[in-house]
Amino acid sequence: MAARTPLRTGGRTLLRLATAGSVDDGKSTLVGRLLFDTNSVLSDTLDHVEKVSKRKGLARADLALLTDGLRAEREQGITIDVAYRYFATPARKFILADCPGHVQYTRNTVTGSSTADVIVLLVDARNGVVEQTRRHLAVASLLRVPHVILVVNKIDLVDYSEDVFTAIATDFAMLARSLGVADTHCIPVSATEGDNVVTRSTRTPWYDGPTVLGYLETVDDTPLAVGAEFRFPVQHVVRPQNAPLAPWAARIPTMDGDYRGYAGKVESGRVRVGEEIVVLPRGSRATIEAIDTPDGPLKIAVAGQSVVLRLTSDVDVSRGDIFAATDAPPAPLREVTATVCWLAERELTIGARVLVQHGTAITKAIVRSIDGTLDLDLQPGAVPSWQDADTLRLNDIGRIRLTLATPLPIDSYREHRATGAFIIVDDSDGWTLGAAMAGSTPLTASSNGCAQPGRGA
Amino acid sequence: MNQLTPVRPLTELQALESESIHILREVAATFASPIMLFSGGKDSVVMLHLAAKAFWPAPVPFGLLHVDTGHNFPEVLSYRDEAVEFYGATLKVASVQDYIDDGRLRERPDGTRNPLQTVPLLDAIQTGKHDAVFGGGRRDEERARAKERVFSMRDEFGQWEPRNQRPELWSLYNGRHLPGEHVRVFPLSNWTELDIWDYIEAEKIALPTIYYAHERDVTERDGMWIAITEVTPARDGDQIESRSVRYRTVGDMSCTAAVLSNANTVADVITEVGLSQLTERGATRADDRMSEAAMEDRKREGYF
């Protein structure tokens, strides 16, 4: 069958960002500046911002207003919830999760960071690295965001001082090392003046690194998932024999009513036709017969692609199963230990009955133990430590152990951001309560990391 | 592991397409009775095209719903029916006109019927017992939408509570809900207007003709080009001109304005959209100008 025309994209790739900073670090202005200077703000939006700025008695357009979404936020001048922004250059399209630095900061930063390739962290040059910076960097480390940039903003307010910048960059590098964050970069910026956001500033001649946008356009965009072992949660079984084929399928002569394929998205690694895989949790083995797409068959599918896989043998497969590489597949677990960011007002206590949603599977679970919460009220130079706790409250990061009703093949989050993650859901009303990362905590694995809490699975 | 072949990251459109297909499949697998809103507008066509690809080689496993204001462009309605047939889907139509005719709704003094869509939409969702409703909304369209989740919970009254949304992490979409509630799902959340056009070109997707430049009698009101039609007749003082125009959105005729354009092909439109100095909704939706928070108010009431 002939493949249809491939997508015309000019090879532009997609990079996902999350911002984090405390109140008044100028985050909204920085985001507004990125949108404005990449011509992503169109004239009627700008007219609106100018109108509102004038009404507020401001001398020039307040770029922060570009990113103000909801009425309550406009009234209070604060940002409540994660907002998504889009901008693009000829090289890349950017999806930016704009995370408020305010109340609910952990919840929002965790949400925004869960899909991010890069975290853009802000500090005020006058204040340097503060407690919020340490918290946000700890979250970035926990969620295994591959790259972090520190925007040292308001550099104009410290007279573009190289000494101030170097001191902050040194502090930050030490903190990043202690939290096990590998790839960081610091940039001196004035978001209001536009220095080093999109255009290089002449007022920081001592800085020879990239601008914020320059960095975002050139940072390695290979997702971590590409290098990891193959994982493919099965979304549904495609068996059209009970229904007439779609008009499209009918155009392909080899397609018939006996078709049986498994639809899903490759979450990590890659898979080739002819390769052996293991079907989890049962553990049966099978060989990939074909990788089908409506655009034609593929020889190889990689992380991020939605495809339909066919197997050579008739094995029992249903939604919720995971196809994995035969090399070190995750063992189905009945007991799972995880680091959890608690996202809900209601508290988690030992013995609670919850639902665990992992990949395309969902199962009941009981909380066996709460082994401590992470103390992020960090003093300069300190590493996070675990405090005894028997409940988890909103914005807590804790270690818990769960017993699952049916065993799930959960990976270690350190190696598998997709299949090592799960969410905890309230069985009664469906609310999303917690974001969980299975296995050991990345934070505690750094060279001078803190001790793990004693009890683990 | 196959470390020998270097792997390039997916391109932007490949990544967006895969993400949308993943969302469509999750909904079909976990909800009892999904339905997809379909107006014949470009976003809904792209959404339907993605659905056809998501469930290929099987047919799209849910129906389509059009809330017809009775003020639709005839070109769009005929296109709508052709597209439904092309993709092998089934369509239900909820008619605002029926509601007006039997007195359940009353015409507004300004003649705009967009706000009147809410009641027929919610009735159709309730009678069809639909627990998931796909919409073609994108987060780049409007400031209120920037904060909406891919899975957006609605109560019995169809209301959106922006301050009380579930966090949405990784690609784990949580659609659990209580009886009476339903979930609005936006598979195109991360697409921009330019992505939509790029994709229409790449996939050779047919669109209603009014998206491309054509001659039409129009008049300029409040900086917007309004077509002279039965629904929007000429007013005193209108200067009627025949201009080459196209539509960037194809909603209700009474509140959708044209833009001056000579774009005859997708490539022309892409060039135009890429260079245009007006956002899509601002240029052409008169009803978004009613108040600064217009969209947020309508969304809270159950509009998409």
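Residues numbered from 1 in each chain as written. Chains lettered and ligands numbered in written order. Predicted model: local features only at pLDDT ≥ 70, side-chain atom pairs only at ≥ 80, totals over all residues.

Q: Can you lay out the overall build of chain A for me, pointing to particular residues and giving the numbers?
A: Across its full length, chain A holds nine helices and 23 strands. Counting all 457 residues of chain A, 52% fall into the buried class. For chain A, restricting intrachain contacts to residue pairs at least 6 apart in sequence, the fraction spanning at least 24 positions comes to 72%. (Helix = DSSP H or I, 4+ residues; strand = E, 2+ residues; numbered from the N terminus. Buried ≥ 20, exposed ≤ 12 C-beta atoms within 10 Å, placed from the backbone. Contact = placed C-beta atoms within 7 Å.)

Q: Please set out the sheet that holds strand 9 (residues 241–246) of chain B residue by residue, giving values where relevant.
A: All names here are of chain B. Taken in spatial order, the four strands make up an open sheet running 8-7-9-10, and their pairing is antiparallel. The outermost strands of the open sheet, each flanked by one partner alone, are strand 8 (224–227) and strand 10 (259–260). The pairing of strand 7 (residues 214–221) with strand 9 spans five bridges and is classified as antiparallel. Bridge pairing in strand 9 links His 214 to Val 245. (Pairing = 2+ DSSP bridges.)

Q: Go over the domain arrangement of chain B with me, naming the residues and quoting the values.
A: Residue and element names in this part refer to chain B. Along its sequence, chain B is organised into domain 1 (12–195 + 295–300) and domain 2 (208–289). Here the side of domain 1 that touches domain 2 takes three residues from helix 3 (residues 74–86), the largest share from any one element. Here the residues of the side of domain 1 that touches domain 2 sort into five nonpolar, eight polar and six charged. (Domains from an automatic or database assignment. Nonpolar A, V, L, I, M, F, W, Y, C, P; charged D, E, K, R; others polar.)

Q: Before we move on, could you go through helix 1 (residues 27–37) of chain A and cite the residues and values that matter?
A: Residue and element names in this part refer to chain A. With ten of eleven residues buried, helix 1 lies mostly within the body of the structure. Along helix 1, the positions that sit buried rather than exposed are Lys 27, Ser 28, Thr 29, Leu 30, Val 31, Gly 32, Arg 33, Leu 34, Leu 35 and Phe 36. In the stretch just after helix 1, Asn 39 is the one whose phi turns positive, near 60°.

Q: Help me get a handle on the sheet that holds strand 7 (residues 231–238) of chain A, residues and values and all.
A: Around the barrel, six strands lie side by side as 7-8-13-11-10-14 (chain A); this closed barrel has antiparallel pairing. Each adjacent strand pair in this sheet contributes to an overall mean axis angle of 45°, direction not counted. The pairing of strand 7 of chain A with strand 14 (residues 322–325) of chain A spans three bridges and is classified as antiparallel. If you follow Arg 231 of chain A over to strand 14 of chain A, its bridge partner there is Ala 324 of chain A. Against the sheet, helix 1 (residues 12–30) of chain B touches strand 7, strand 8 (261–265) and strand 13 (306–311) of chain A, its axis set at about 55° to strand 7 of chain A. (Axes fitted to C-alpha atoms, helices over the stretch in contact; angles between N-to-C directions.)

Q: Provide a residue-level description of unusual backbone geometry, including the pertinent values.
A: In the segment running from Leu 280 of chain A into Pro 281 of chain A, the intervening peptide bond is cis, with an omega of 10°. For Pro 281 of chain A, the location among the structural elements is in the loop between strand 10 (276–280) and strand 11 (284–292). Following Trp 56 of chain B, the chain continues to Pro 57 of chain B via a peptide bond in cis, the omega torsion being 0°. Here Pro 57 of chain B lies in the loop between helix 2 (42–55) and strand 2 (63–68).

Q: Please set out the nonpolar core residue by residue, giving values where relevant.
A: By size, the foremost hydrophobic cluster in this structure holds 203 residues, and its most contacted members are Val 151 and Val 152 of chain A together with Met 36 of chain B. Filtering out sequence-adjacent residues up to four positions away, Met 36 of chain B remains in contact with Met 47, Leu 48, Ala 51, Phe 62, Leu 64, Leu 65 and Phe 134 of chain B. (Core = buried A, V, L, I, M, F, W, Y, C linked by C-beta atoms within 7 Å.)

Q: Could you give me a rundown of the pairing of strand 1 (residues 34–37) of chain B, with the residues and numbers involved?
A: All names here are of chain B. Burial of the side chains of strand 1 extends over both faces: Pro 34 and Met 36 are buried on one face and Ile 35 and Leu 37 on the other. Where strand 1 meets strand 4 (residues 132–134), three bridges bridge the pair, whose relative direction is parallel. Each residue of the ladder has a partner; that of Met 36, found in strand 4, is Phe 134. Across three bridges, strand 1 lies against strand 2 in parallel orientation. By the bridge assignment for strand 2, Leu 37 is matched with Leu 65.

Q: Please provide a residue-by-residue account of the confidence of the model for chain B, values included.
A: Summary statistics for chain B give a mean pLDDT of 85 and a share of 87% for residues scoring 70 or more. Two numbers describe this predicted complex: its pTM, 0.90, and its ipTM, 0.90. (pLDDT = per-residue confidence, 0-100.)

Q: Any chance you could break down the packing of helix 2 of chain B against helix 6 (residues 193–203) of chain B for me, citing the residues and the numbers?
A: Residues and elements named next belong to chain B. Contact geometry for helix 2 and helix 6: axes closest at 11 Å, N-to-C directions at 50°. Comparing the axis directions of helix 2 and helix 6 gives the class oblique. Crossing hand, helix 2 versus helix 6: left-handed. Only Ile 196, Tyr 199, Ile 200 and Glu 203 of helix 6 make contact with helix 2, whose side of the interface consists of Lys 42, Asp 43, Val 46 and His 49. Considered class by class, the residues forming the contact of helix 2 with helix 6 number four nonpolar, one polar and three charged. (Parallel < 35°, antiparallel > 145°, perpendicular 65-115°, else oblique. Left-handed = near helix turned anticlockwise from the far one by under 90°.)

Q: Now, about the environment of Met 36 of chain B: what can you tell me, with residues and values included?
A: Residues and elements named next belong to chain B. Mapped onto the secondary structure, Met 36 falls in strand 1. Residue Met 36 is classed as buried on the basis of its 26 C-beta neighbours within 10 Å. Counting along the chain gives twelve residues from Met 36 to Leu 48, while the straight-line C-alpha distance between them is 8.1 Å.

Q: Pulling in residues and values, what's your account of helix 5 (residues 118–127) of chain B?
A: Residue and element names in this part refer to chain B. Taken residue by residue, helix 5 has Pro 120, Leu 121, Leu 122 and Ile 125 as its buried positions. Packed against the buried residues of helix 5 are strand 2, strand 3 (91–95), helix 4 (96–101), strand 4 and strand 6 (182–185). Looking one or two residues beyond helix 5, the residue adopting positive phi is Lys 129, at roughly 50°.

Q: I'd like a rundown of the environment of Arg 353 of chain A, residues and numbers included.
A: Residue and element names in this part refer to chain A. Structurally, Arg 353 can be placed in strand 17 (residues 353–358). It is 9.6 Å that separates the C-alpha atoms of Arg 353 and Val 425, two residues lying 72 residues apart in sequence. In this structure, Arg 353 is in contact with Lys 364, Ile 366 and Asp 427, ignoring residues within four places of it in sequence.

Q: Please provide a residue-by-residue account of the confidence of the model for chain A, values included.
A: Residues and elements named next belong to chain A. With 84% of its residues at a pLDDT of at least 70, chain A reaches an overall mean of 85. The low-confidence segment residues 1–9 (pLDDT under 50) makes 20 contacts with residues lying over four places distant or belonging to another chain. Contacts from residues 445–457, a stretch scored under 50 in pLDDT, to residues over four places away or in other chains number 29 contacts.

Q: I'd love a proper account of the environment of Glu 275 of chain A, names of residues and values included.
A: Residues and elements named next belong to chain A. Of note, Glu 275 is situated in the loop between strand 9 (270–272) and strand 10. Once the C-alpha coordinates of Glu 275 and Thr 287 are considered, the two residues, twelve residues apart in sequence, prove to be 5.5 Å apart. Discounting residues that sit within four places of it in the chain, Glu 275 has contacts with Thr 287 and Ile 288.

Q: If you had to explain the pairing of strand 15 (residues 333–342) of chain A to someone new, which residues and values would you point to?
A: Residue and element names in this part refer to chain A. Burial of strand 15 is extensive: seven of the ten residues sit out of reach of the surface. Direction of pairing for strand 15 relative to strand 21 (residues 397–408): antiparallel, over a ladder of eight bridges. The residue of strand 21 that forms the bridge with Val 336 is Leu 402. As paired strands, strand 15 and strand 23 (residues 432–438) are joined by five bridges and run antiparallel to one another. Bridge pairing links Trp 342 to Gly 434 in strand 23.

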